[in-house]
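Coordinate analysis (summary)
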Amino acid sequence: MPTNIILRIFFSRCNVPESVVMAAILRKYIVVGGGVAGGYAAREFVKLGLQPGELTIFSKEAAAPYERPALSKAYLFPDAPARLPGFHVCVGSGGEKQLPDWYAEKGIELKLETEIVKADVENKTLTTNKGDIYEYGTLILATGSTFLNLADFKTPGADAKGIYYLRDIGDADKIVEAIKASKGDEAVVVGGGYIGLELAACLTMNKIKVNMVFPEPCLMPRLFTPELASFYERYYEGKGVNIIKGTTVTAFEKDDNGHVSKVLLKNGSSVNSTFVVVGVGARPLLAPLKGLIEEEKGGFKVDASFKTSNPNVYAVGDIATFPMKMYGDSRRVEHVDHARKSAMQAVQAIKAAEKGEVVDEYDYLPFFYSRSFNLSWQFYGDNVGETVLWGRNGAAASESKFGAYWVKDNKVMGAFLEGGSPDENKLIAKVAREQPTVNSTDELVSGGLGFASKI
Ligand SMILES: Cc1cc2nc3c(=O)[nH]c(=O)nc-3n(C[C@H](O)[C@H](O)[C@H](O)COP(=O)(O)OP(=O)(O)OC[C@H]3O[C@@H](n4cnc5c(N)ncnc54)[C@H](O)[C@@H]3O)c2cc1C
Ligand SMILES: NC(=O)c1ccc[n+]([C@@H]2O[C@H](COP(=O)([O-])OP(=O)(O)OC[C@H]3O[C@@H](n4cnc5c(N)ncnc54)[C@H](O)[C@@H]3O)[C@@H](O)[C@H]2O)c1
Ligand SMILES: O=C1O[C@H]([C@@H](O)CO)C(O)=C1O
C-alpha cells in the first residue's frame, strides 16, 4: 500500500483533517485535462514565458495532448492511417508537434493516466485518483466532453459487445480492431451528426456495408438545411450507405456470447448487424468542480477571458459557456477551433493579469468543418434566418463547388462552402465576420463564391 494511503488511514483514525496530513504539491498553474485545449494552453504558457516547475497538466488519457479530430478521420483509414506521434498538438493548426519530451524540456509536468477526482476551491487543492494533493495558484479546467451512451437512455441490450462509441484514442483503437475483425457483416451507425457522418464514411472506406440510423428527417440537422443534406445523403448513398431516417434504435438483440446480433428500430424494421457505432451527442465533463462554480447552459459560465465565477479558476474548450461577442449572447461550442483559441485566450488573460493588464475580449467567429470521402466542407458564422443555396446542381453533377449563405434582416450571417481551397474558405469566413448587407438574395445565388470575393 502506498505510504500516503497508510498515513491517511492512520491520521483519519486520530481525527486529523486530511489537509493537515498531506502536504500539497504547490504549482503556480494547473491544467486539468490534457486534450486539445490542454495542449494549446501549454504552448501558450511557453510562448509567454514559463519557468520550469510552474505548470502541471493532468490527463486521464495515456497519450500526450493530440488533435482529437483525426480519430474520426485519418485514424480509421484503411491505407496509411494516422497514428501517434503523427498528430500530437499543435499540428492540426500548422504548429509544432508536442511529444512528451517537449513538455519535459519545457519543465512542464505532464501527469498522464491521472484523473482529478476531488477539488477544494477554498483551499485551492485538487486530489488525484492516486491520492496526491496539488495546490494551485491558478487553475484552468479543460476536461472536454464525453459521449452520450445509449445505456443512459435505457435502450435494452445497449450493454452488448460490439457496440462502440468514440471520444478518445482508446475508443478509436477498439473500432480499428472491430474493423479488422469484421467479416463482411453489416454495420449500423447510430446518429446523423458529426460522428455519424464521419464514421459512416470511414467504415465504408474499409469495405463495410453501413446502415445509418437517425431520428431527424435529414442528415446533420444541427447545421444542414434539407437541400444541403440531400446532396450529402445522395453522395453517401452513391457510396453504398443505406440511410434510414426518422427513426431510432429501440433495442439491441444479443447472441449467446452477449454480442450484438440485431438492431431493432422504432419504425418496426431491423438490421442484422454485429458492429454498431453510436454517435448521439456529447455531454460536457464538469466533475469534479460541479457545484463549486457557476454554470450556464450546461457549461461553466465564463467571462470574455474564460474566467469562471471563481477568480482563480478558468474554464476553456467544450465545457465553457462564454460570451459570444458577435451575437450578443452566450454559447458553449464543442469544436476544435474554439478549444484551441479559448485555451490561448485564457493563458493570455492569466499572464496579462499578473502584469496588471487586460486582454481584448474574446471575439469568436464560429467555425465548424468536416471531411469525409472526397468531401470537405467549412461553415463560418451563425446559421440563422433564410438559407440561400448556390451552385448546388453543378455540385451534384460534377462535385464542383457549391455553398450556402444564411441571411437574417438583410445581413449575411453565415456561410458554407463544400470543396473550397484554403483561400476560398478564408473568403467565406470574411463574409460571416463582416455580415454584409444584401438587398436581394439573387445576388448571392448568382454570385456564389464571387459574392464572397468582393467583400
Ligand atoms: C472523434 C472526434 C472527432 C472530432 N472532430 C472534430 C472536427 O473535425 N472538427 C472540430 O471542429 N471538432 C471536432 N471534434 C470536437 C473537438 O475535438 C472538441 O471540441 C475538442 O477536442 C474539445 O477540446 P477540449 O480540450 O475541451 O476537450 P478534449 O479534447 O476532449 O480534452 C479533454 C481531456 O480532459 C481529460 N479529462 C477529463 N476529465 C478529467 C479529469 N477529471 N482529470 C484528468 N483529465 C480529465 C479527458 O480524458 C481528455 O483527455 C471532434 C471530437 C471527437 C470526439
Ligand atoms: N467535424 C466535427 O466538428 C466533429 C466530428 C466528430 C465529433 N465532433 C464532436 O463530437 C461530439 C459528438 O458528436 P456526435 O456526432 O455524437 O454529436 P452531434 O450532436 O453532432 O450529433 C448527434 C446526433 O445524434 C442523433 N441522435 C440523437 N438522439 C438519438 C437517438 N436516441 N437515437 C439515434 N440517434 C440520435 C441525431 O441524429 C443527432 O444529430 C460533439 O461534440 C461533436 O461536435 C465534431
Ligand atoms: O484539425 C485537425 O487536426 C487533425 C489533423 O490535421 C492533425 O494532423 C485533423 O484531422 C483535423 O481536422
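Owing to the predicted nature of the structure, the values given are computational and were not obtained by experimental measurement.

1. Some words on the domain arrangement of the protein chain
A common way to report how large an interface is uses the accessible area buried once the components associate. Domains assigned within the protein chain are domain 1 (3-144 + 285-354), domain 2 (150-281) and domain 3 (374-453). Relative placement of domain 2 and domain 3: their C-alpha centres are 30 Å apart. Taken together, the contact pairs 15 residues of domain 2 with 16 residues of domain 3. Taking both partners together, domain 2 and domain 3 bury about 1300 Å²; carbon and sulfur atoms supply 70% of that area. Linking domain 2 with domain 3 are 0 salt bridges, by the criterion used here.

2. Focus: the layout of surface pockets
If you add up the space inside the second largest pocket, you get close to 490 Å³. Considering the residues around the second largest pocket, the lining is formed by 25 residues, among which Gly-92, Ser-93, Val-336, Asp-337 and Arg-340 are closest to the centre. Of all the secondary-structure elements, those providing two or more residues to the lining of the second largest pocket are α3 (36-48), α8 (336-354), β22 (367-372) and β23 (375-381). At 7 residues, the largest contribution of residues to the lining of the second largest pocket is made by α8.

3. Here we look at the site of ligand 3
Surrounding ligand 3, one finds Glu-67, Pro-69, Ala-70, Phe-87, Val-91, Gly-92, Arg-340, Tyr-369 and Arg-371. At 3.0 Å from an oxygen atom of ligand 3 is found a side-chain nitrogen or oxygen belonging to Arg-340. At a separation of 2.7 Å, an oxygen atom of ligand 3 approaches a polar side-chain atom of Tyr-369. In this structure, ligand 3 is accommodated by the second largest pocket. Broken down by class, the residue content of the shell around ligand 3 amounts to 5 nonpolar, 1 polar and 3 charged.

4. Details of the environment of Ala-339
Mapped onto the elements, Ala-339 comes out in helix α8. The contacts of Ala-339, once residues within four sequence positions are left out, are Val-36, Ala-37 and Gly-317.

5. So, the packing of α3 against α8
Each pair of packed helices can be summarised by the angle the axes make with each other and by the distance between the axes. It is the contact of α3 with α8, at a shortest axis distance of 8 Å, that shows an interaxial angle of 35 degrees. By crossing handedness, the relation of α3 to α8 is classed as right-handed. Along the contact surface, α3 presents Val-36, Ala-37, Tyr-40, Ala-41, Arg-43, Glu-44, Phe-45 and Leu-48, while α8 presents Val-336, Ala-339, Arg-340, Ala-343, Met-344, Val-347, Gln-348 and Lys-351. Taken together, the residues that form the contact of α3 with α8 break down as 11 nonpolar, 1 polar and 4 charged.

6. Structural notes on the pattern of salt bridges
Per the stated rule, a full pass over the model turns up 20 salt bridges. The partner of Glu-294 in a salt bridge is Lys-301, and the shortest N-O contact between them spans 3.7 Å. Classification of Lys-301 as partly exposed rests on a relative accessible area of 36%. The salt bridge partner of Arg-433 is Asp-363, with a shortest N-O separation of 3.2 Å. A residue pair is termed long-range when its members are at least 10 positions apart, and Arg-433 in helix α10 (residues 422-434) and Asp-363 in the loop between α8 and β22 qualify at 70 residues. Note on Arg-433: relative accessible area 34%, which makes it partly exposed. Look at the salt bridges and you will find they share partners, linking Lys-28, Glu-54, Lys-351 and Glu-354 into a network.

Calculation notes
- Residues numbered from 1 in each chain as written.
- Chains lettered and ligands numbered in written order.
- Predicted model: local features only at pLDDT ≥ 70, side-chain atom pairs only at ≥ 80, totals over all residues.
- Heavy atoms only, no water.
- Domains from an automatic or database assignment.
- Contact = heavy atoms within 4.5 Å.
- Buried area = accessible area lost by both parts, 1.4 Å probe.
- Salt bridge = Lys/Arg side-chain N within 4 Å of Asp/Glu carboxyl O.
- 1 Å grid on protein atoms, 1.4 Å probe; cavity = no way out; pocket = protein on both sides within 12 Å on 5 of 7 lines; lining within 4 Å.
- Points joined across faces, edges and corners; volume = space filled by probe spheres on them.
- Helix = DSSP H or I, 4+ residues; strand = E, 2+ residues; numbered from the N terminus.
- Near = heavy atom within 4 Å.
- Polar contact = N/O pair within 3.5 Å; in protein donor to acceptor, adjacent residues only side chain to side chain.
- Sits in = over half its atoms within 2 Å of the grid points.
- Nonpolar A, V, L, I, M, F, W, Y, C, P; charged D, E, K, R; others polar.
- Axes fitted to C-alpha atoms, helices over the stretch in contact; angles between N-to-C directions.
- Left-handed = near helix turned anticlockwise from the far one by under 90°.
- Buried < 20%, exposed > 50% of the residue type's maximum accessible area, 1.4 Å probe, protein only.

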